[in-house]
Amino acid sequence: MASKIFIDGEHGTTGLQIRTRLAERRDIELLSIPEAERRNAQMREDLLNSADIAILCLPDDASIQAYEMTAANNNVRLLDASTAFRVHPDWAYGFAEMDKAQAEKIRTARHVSNPGCYPTGAIGLIRPLRAAGILPDGYPVSVNAISGYTGGGKQMIAQMEDPSHPEHLASNNFLYGLTLKHKHLPEMKMHGLLDRAPLFSPSVGRFPQGMIVQVPLFLEDLATGASIDSIHAALVAHYAGQDIVTVVPLEESRAVPRVDAEELAGQDTMKLFVFGTPGGAHVNLVALLDNLGKGASGAAVQNMDLMLSA
Ligand SMILES: NC(=O)C1=CN([C@@H]2O[C@H](COP(=O)(O)OP(=O)(O)OC[C@H]3O[C@@H](n4cnc5c(N)ncnc54)[C@H](OP(=O)(O)O)[C@@H]3O)[C@@H](O)[C@H]2O)C=CC1
Ligand SMILES: CC(=O)N[C@@H](CCC(=O)OP(=O)(O)O)C(=O)O
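Residues numbered from 1 in each chain as written. Chains lettered and ligands numbered in written order. Predicted model: local features only at pLDDT ≥ 70, side-chain atom pairs only at ≥ 80, totals over all residues. Heavy atoms only, no water.

**Q** How should I be thinking about the site of ligand 2 in this particular structure?
**A** Residues in contact with ligand 2 amount to 15 residues; listed here are only the nearest, Arg-86, Cys-117, Tyr-176, His-182 and His-184. Cys-117 is positioned with one of its backbone polar atoms (N or O) 3.3 Å from an oxygen atom of ligand 2. The side chain of His-184 places a nitrogen or oxygen atom 2.5 Å from an oxygen atom of ligand 2. Counted by class, the shell around ligand 2 contains six nonpolar, seven polar and two charged residues. Looking at which domains feed residues into the shell around ligand 2, each of domain 1 (3-115 + 296-308) and domain 2 (117-293) supplies at least three. (Near = heavy atom within 4 Å. Polar contact = N/O pair within 3.5 Å; in protein donor to acceptor, adjacent residues only side chain to side chain. Nonpolar A, V, L, I, M, F, W, Y, C, P; charged D, E, K, R; others polar. Domains from an automatic or database assignment.)

The following block contains the structure:
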């Protein structure tokens with residue numbers, strides 16, 4: 001029998017992309033709410049409680065409301081794309097490749113939180129080095145990133161694309177999150193296994209989809225003997241045996257003159273690079289992904305499939 005999936009927020013940016021990915025699937029019955037009724041609480045509650053899995057593509061407050069609407073119903077499982085539950089101890093964090101046990105946790109969980117787009121890159125780079133003992137306690141981690149503007153949802157898409165928008169954004173590339181209190185910091189710290197919150201500086205570029213996340217490191221402040229080779233080897237070992245997160249070979253990275261933020265637009269994979277010069281003092285770890293692919297909707301479909309396999 002086909003599994004019933006309801007995407008609450010199906011008419012938004014992330015929801016639409018999930019719907020597109022599921023459109024041809026025969027193993028799934030998509031429950032749907034008419035666009036004009038998308039904020040009708042009673043209809044949402046009925047649909048949420050009719051689903052096997054409800055995928056929440058909503059702002060945090062509406063996700064919390066959906067959680068409350070389904071709290072008494074053990075038959076529905078939730079997969080939430082918002083920030084609301086990403087560091088909640090009862091929710092499985094939906095980054096299957098972040099450690100060997102994570103896919104099984106996601107598979108059997110009633111509640112799964114889909115990671116943030118920036119944290120997917122940052123945790124993907126940092127966690128393996130913490131687990132391998134290369135990145136020591138107390139290291140001051142910085143994360144610098146650029147996102148495609150769809151990362152800001154319907155509102156930012158309109159601001160970037162519509163010159164008549166009252167809050168039109170005419171800039172081609174801007175920094176934001178300048179208070180250094182971005183909502184992704186708690187999950188980066190927790191799932192990156194960090195003991196200090198990273199210093200996170202995000203930015204947006206005038207392209208719809210794509211993302212670069214950078215974590216620059218000073219080798220002399222890492223564990224004794226850390227080198228570009230040992231860092232690369234730790235990442236390769238961590239991601240062995242799966243094909244969603246790939247670690248680019250060092251010789252290939254050395255031949256790369258530039259990294260294009262849009263390279264993986266439309267794909268659900270992530271590429272990791274270790275840049276630097278053998279014998280040099282620094283390395284720059286770089287994650288390349290689509291903010292709406294592995295950074296959101298692609299990861300959501302991957303997590304949904306894991307949950308359906310239980
Ligand atoms: N865009 C991205 O790259 C990523 C987004 N996310 C997260 O996914 C979630 C959705 O983001 P995104 O798709 O970008 O946002 P959008 O603004 O594009 O879409 C959100 C949708 O939710 C609807 N909505 C808002 N409030 C309610 C409510 N109270 N009840 C029912 N529906 C409601 C909106 O309707 P209306 O049009 O009426 O406002 C809209 O259709 C957010 O939590 C976001 O942080 C996560 C990773 C990446
Ligand atoms: C460009 C842009 O505005 N991006 C969003 C994050 C998008 C995203 O990943 O949302 P989640 O928090 O649900 O993960 C921001 O910085 O708030």
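Once you've had a look at it, read on.
**Q** Whenever I open this one, the sheet that holds strand E5 (residues 92-93) confuses me. Can you help?
**A** What links the strands of a sheet is backbone hydrogen bonding, and the strands pair in either a parallel or an antiparallel sense. Strand order in this open sheet of six strands is E2-E1-E3-E4-E6-E5, and the pairing throughout is parallel. In this open sheet, the two strands that pair with only one neighbour each are strand E2 (28-31) and E5. Sheet analysis places strand E1 (residues 3-8) next to E2, joined by four bridges and oriented parallel. Bridged to Ile-5 within E2 is Leu-30. Of the strands in this sheet, E1, E2 and strand E3 (53-56) touch helix H1 (residues 13-22), which is tilted by about 155° from E1. Sitting on the sheet, helix H2 (residues 41-48) touches E1, E2 and E3, and the angle it makes with E1 is about 150°. (Pairing = 2+ DSSP bridges. Helix = DSSP H or I, 4+ residues; strand = E, 2+ residues; numbered from the N terminus. Contact = heavy atoms within 4.5 Å. Axes fitted to C-alpha atoms, helices over the stretch in contact; angles between N-to-C directions.)

**Q** I keep staring at the packing of H1 against helix H10 (residues 293-308) and nothing clicks. Help me out?
**A** Two numbers describe a pair of packed helices, the interaxial angle and the distance between the axes. Where H1 meets H10, the closest approach of the two axes is 10 Å, and the angle between their N-to-C directions is 45°. Accordingly, the angle class assigned to the pair H1 and H10 is oblique. The hand of the H1/H10 crossing is right-handed. Every residue of H10 that contacts H1 at Thr-14, Gln-17, Ile-18, Arg-21 and Leu-22 is listed here: Gly-293, Ala-296, Ser-297, Gly-298, Ala-300, Val-301 and Met-304. Among the residues forming the contact of H1 with H10, the class breakdown is six nonpolar, five polar and one charged. (Parallel < 35°, antiparallel > 145°, perpendicular 65-115°, else oblique. Left-handed = near helix turned anticlockwise from the far one by under 90°.)

**Q** I would appreciate a short explanation of the domain arrangement of the chain in the present structure.
**A** One widely used convention gives an interface's size as the accessible area the parts lose upon coming together. What the domain assignment lists for the chain is domain 1 (3-115 + 296-308) and domain 2 (117-293). The centre of domain 1, based on its C-alpha atoms, is set 25 Å off from the matching centre of domain 2. Every contact between the two is made by 22 residues of domain 1 and, on the other side, 29 residues of domain 2. When the two sides are added together, the surface that domain 1 and domain 2 hide from each other amounts to roughly 2000 Å², 50% of it contributed by carbon and sulfur. Inspection of the region where domain 1 meets domain 2 yields three salt bridges. The salt bridge involving Arg-21 is made with Asp-268; its shortest N-O contact spans 2.7 Å. Summed over the shared surface of domain 1 and domain 2, the number is 17 residue pairs in polar contact (both at pLDDT 80 or more). Going through the elements one at a time, H1 and H10 are the ones with two or more residues in the side of domain 1 that touches domain 2. Per-element accounting of the side of domain 1 that touches domain 2 gives the leading share, five residues, to H10. Among the residues forming the side of domain 1 that touches domain 2, the class breakdown is seven nonpolar, nine polar and six charged. (Buried area = accessible area lost by both parts, 1.4 Å probe. Salt bridge = Lys/Arg side-chain N within 4 Å of Asp/Glu carboxyl O.)

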